[in-house]
Amino acid sequence: VKGNVLLRKRQYSLSEDKEESIKIARSMLMGKISNCRKVIERAVRDHGIVLDVEQLKKVSGMLKEQMLAVSNGKSIEDLSGFEGSAAKAYFGVMDDLILQQKDEFYFRERSRRPPLDNFNALLSFLYTLLTYEVSSALETVGLDPYVGFLHQDRPGRPSMALDLMEELRPVFADRMAISLVNRKQITGKGFEKKESGGILMDNETRKKVIEEWQERKKEQIIHPFLKEKINFGLLPYAQALLLSRYLRGDLDAYPPFFWS
């Protein structure tokens, strides 16, 4: 409820403008698919000797084609379709990237409410952490996390946070989930199956994940657009700030985060 009311009014106005919404959503999805490719390419670089490199390169090529399709998307429905195809290809090889503890951690398909296996439970928890980080960043720069451009507005749904999360999920959450399992920093003992079939993490595992999350945020990167060294944990704020600058008219386009 604080901050620049003129900025929020601009956000609300553009959210009702289909052309502007498509332009912003297109940029965010370009960032997401590019970063999904980077997750795969990093895995090939680091573990190529034990992976089906040809298959992963094939999927990376498919994602590149979807990026081109997104760049030419003419409607939110088009963009959602391209993003769905990219997500299917990306998640289709997620299980291949899990190299350790395969009996306890595997990935068949994305399940959310409730998560039906240990890896989905881990992903959901990390996505929840990222949602809070991005919502806080948006509020800090004066934007409303509940009014978005890609995700439809619904009561109680942080649509803008979900929009901005798209480009950050592969980098923040997906890669961290893979690392936590492959480095055996968490084990299957920390997960419990409920009567409903859903999987929950115990307190010790959640604590460990949060500790590693906080450590990850301390790492430093060179932001590809700002050309400045920042802590990884400041990425949501940096992107929210760039989005606010675009909405104010200080930038010609919203520059998504492209992981390098």
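Up top you'll find the structure we're talking about.
About the cut-offs
Residues numbered from 1 in each chain as written. Predicted model: local features only at pLDDT ≥ 70, side-chain atom pairs only at ≥ 80, totals over all residues. Heavy atoms only, no water. Core = buried A, V, L, I, M, F, W, Y, C linked by side-chain atoms within 4.5 Å. Buried < 20%, exposed > 50% of the residue type's maximum accessible area, 1.4 Å probe, protein only. Helix = DSSP H or I, 4+ residues; strand = E, 2+ residues; numbered from the N terminus. Contact = heavy atoms within 4.5 Å. 1 Å grid on protein atoms, 1.4 Å probe; cavity = no way out; pocket = protein on both sides within 12 Å on 5 of 7 lines; lining within 4 Å. Points joined across faces, edges and corners; volume = space filled by probe spheres on them. Nonpolar A, V, L, I, M, F, W, Y, C, P; charged D, E, K, R; others polar. Expected span 1.5 Å × (residues − 1). Salt bridge = Lys/Arg side-chain N within 4 Å of Asp/Glu carboxyl O. Axes fitted to C-alpha atoms, helices over the stretch in contact; angles between N-to-C directions. Parallel < 35°, antiparallel > 145°, perpendicular 65-115°, else oblique. Left-handed = near helix turned anticlockwise from the far one by under 90°.

Chemist: Provide a residue-level description of the nonpolar core, including the pertinent values.
Modeler: Within the largest apolar cluster, 82 residues are counted, with the highest numbers of intra-cluster contacts made by Leu63, Phe119, Leu122, Leu126, Leu138, Leu243 and Leu247. When residues in this core are grouped by element, the largest group, 13 residues, is from helix α7 (residues 159-182). Once residues within four sequence positions are removed from consideration, Leu63 is found in contact with Ile33, Cys36, Arg37, Ile40, Ala86, Ala89 and Tyr90.

Chemist: Explain the layout of surface pockets to me, using residue names and the numbers behind them.
Modeler: Taken as a whole, the largest pocket holds about 1000 Å³ of empty space. Lining the largest pocket are 31 residues, and of these Arg112, His151, Arg157, Leu162 and Arg169 lie nearest its centre. Of all elements in the fold, only α2 (18-47), α4 (76-92), α6 (118-140) and α7 reach the threshold of two or more residues within the lining of the largest pocket. Looking at the lining of the largest pocket, the element that brings in the most residues is α4, giving seven residues. Considered class by class, the residues forming the lining of the largest pocket number 11 nonpolar, eight polar and 12 charged.

Chemist: An account of helix α9 (residues 235-248) is needed here, citing residue identities and associated values.
Modeler: Taking 1.5 Å of rise per residue, the 14 residues of α9 would be expected to cover 20 Å, and the 20 Å separating its terminal C-alpha atoms lies within 8% of that figure. In this structure, the buried side of α9 is in contact with α1 (5-15), α2, α6, α7, β3 (220-222) and β4 (229-231). Gly249 sits one or two positions beyond α9 and adopts a positive phi of about 95°.

Chemist: Describe the pattern of salt bridges, naming the residues involved and giving the relevant values.
Modeler: This structure, assessed with the given rule, holds 16 salt bridges. Ionic pairing is found between Glu166 and Lys32, a salt bridge with its closest N-O pair at 2.7 Å. On the criterion of sequence distance, the pair formed by Glu166 in helix α7 and Lys32 in helix α2 is long-range, its members being 134 residues apart. Lys32 carries the same exposure label as Glu166, and that label is buried.

Chemist: Go over the packing of α6 against α7, please, and point to the residues and values.
Modeler: Axis angle and axis distance: for two packed helices, these are the angle between their axes and the distance between the axes, and together they describe the pair. For the pair α6 and α7, interaxial distance at closest approach is 8 Å and the crossing angle is 140°. With respect to α7, the element α6 is oriented oblique. Where α6 crosses over α7, the two elements pack in a sense that is right-handed. Here the residues of the contact of α6 with α7 are counted per class, giving 20 nonpolar, two polar and two charged.

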